[in-house]
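The primary structure of each chain is shown beneath.
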Amino acid sequence: MLRVVVGKAGLVGAIGSGEGILTFHGKHYGFIVAGASIGATLGFSANVLRGSAANISNPADLAGTYSGSGGGAAVVAGVSAVKLRNEKGVVLELRGVKLGAEASANLPLITITMK
């Protein structure tokens, strides 16, 4: 299970950063998220996402560069969803709450680094 908190701002593209926690076999592992997206983005938001990581055999597999598709909308509060895959084949599916004023349909590219 993953929990990620990310702040993002943009006009056409967007940049953001945040941190999260991977729960793997009952233990918690912290990580840092940094990234950008290209596509239709307008506004600013804070996202609290939860989801799963597939194809992971140890916590270090989570680290890497991810790309995929995502989108969401919010005026004060809304929803967000993203599906990403890294070079090791790890697939993240995240959904959650978006706070702020933003509409987006974009191609995200993020990097996860373990703490």
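What counts and how
Residues numbered from 1 in each chain as written. Predicted model: local features only at pLDDT ≥ 70, side-chain atom pairs only at ≥ 80, totals over all residues. Heavy atoms only, no water. Helix = DSSP H or I, 4+ residues; strand = E, 2+ residues; numbered from the N terminus. Buried < 20%, exposed > 50% of the residue type's maximum accessible area, 1.4 Å probe, protein only. Contact = heavy atoms within 4.5 Å. Areas by Shrake-Rupley, 256 points an atom, 1.4 Å probe, with all protein chains shown as cover. Polar contact = N/O pair within 3.5 Å; in protein donor to acceptor, adjacent residues only side chain to side chain. Core = buried A, V, L, I, M, F, W, Y, C linked by side-chain atoms within 4.5 Å. Lys, Arg positive; Asp, Glu negative; His and termini not counted. Salt bridge = Lys/Arg side-chain N within 4 Å of Asp/Glu carboxyl O.

Attention shifts here to the overall build of the chain. Counting its regular elements, the chain contains zero helices and five strands. What you see in the chain, going N to C, is helices and strands ordered as β-β-β-β-β. Here the chain, with 115 residues, has 39% of them falling under the buried criterion. Excluding contacts between residues fewer than 6 apart, the proportion of contacts in the chain whose partners are at least 24 apart in sequence is 66%. Within the structure as shown, the chain displays about 6,000 Å² of accessible surface, and the carbon and sulfur contribution to it stands at 68%.

Mapping Asn-86 onto the fold places it in strand β4 (residues 64-86). Of the polar contacts made by the side chain of Asn-86, one reaches the backbone oxygen of Ala-63; its length is 3.5 Å. Within the structure, the side chain of Asn-86 is placed 2.8 Å from the backbone nitrogen of Lys-88, a separation counted as a polar contact. If we skip the residues at most four places from it in the chain, Asn-86 touches Asp-61, Leu-62, Ala-63, Gly-64, Thr-65 and Tyr-66.

Looking now at the nonpolar core. In this structure, Leu-2, Leu-22, Phe-31, Leu-62, Tyr-66, Leu-92 and Ile-112 are the most contacted members of the largest nonpolar core, which totals 16 residues. For this core, the elements supplying multiple residues, two or more each, are β2 (13-24), β3 (27-54), β4 and β5 (91-114). Here this core gets four residues from one element, more than from any other, and that element is β5. Among residues more than four places away in sequence, those in contact with Leu-62 are Leu-2, Leu-22, Phe-31, Ile-56, Asn-86, Leu-92, Ile-112 and Met-114.

Positive phi values are uncommon outside glycine, yet His-25 reaches one of about 50°. Here His-25 lies in the loop between β2 and β3. On the basis of relative accessible area, His-25 is assigned to the exposed category, the value being 72%. A positive phi is found at Asn-55, a non-glycine position, where the angle reads about 65°. Structurally, Asn-55 can be placed in the loop between β3 and β4.

The next subject is the environment of Thr-113. Mapped onto the fold, Thr-113 is located in strand β5. When the C-alpha positions of Thr-113 and Gly-64 are compared, they lie 6.8 Å apart, and in sequence the two are 49 residues distant.

For the rest of this paragraph, the subject is the side chain of Asp-61. If you trace the backbone, Asp-61 turns up in the loop between β3 and β4. Within the buried set, Asp-61 has no salt-bridge partner at all; the shortest N-O distance to an opposite charge, 5.0 Å, is to Lys-88. Setting aside chain neighbours within four positions, we find Asp-61 in contact with Ile-56, Tyr-66, Asn-86, Lys-88 and Val-90.

Okay, the pattern of salt bridges next. Counted under the stated rule, the structure contains two salt bridges. Linking Glu-93 and Lys-83 is a salt bridge whose minimum nitrogen-to-oxygen distance equals 3.8 Å. Of this pair, Glu-93 sits in strand β5 while Lys-83 sits in strand β4, and the two are ten residues apart along the sequence.

Honestly, that's just the spatial picture; any functional story needs more than this.
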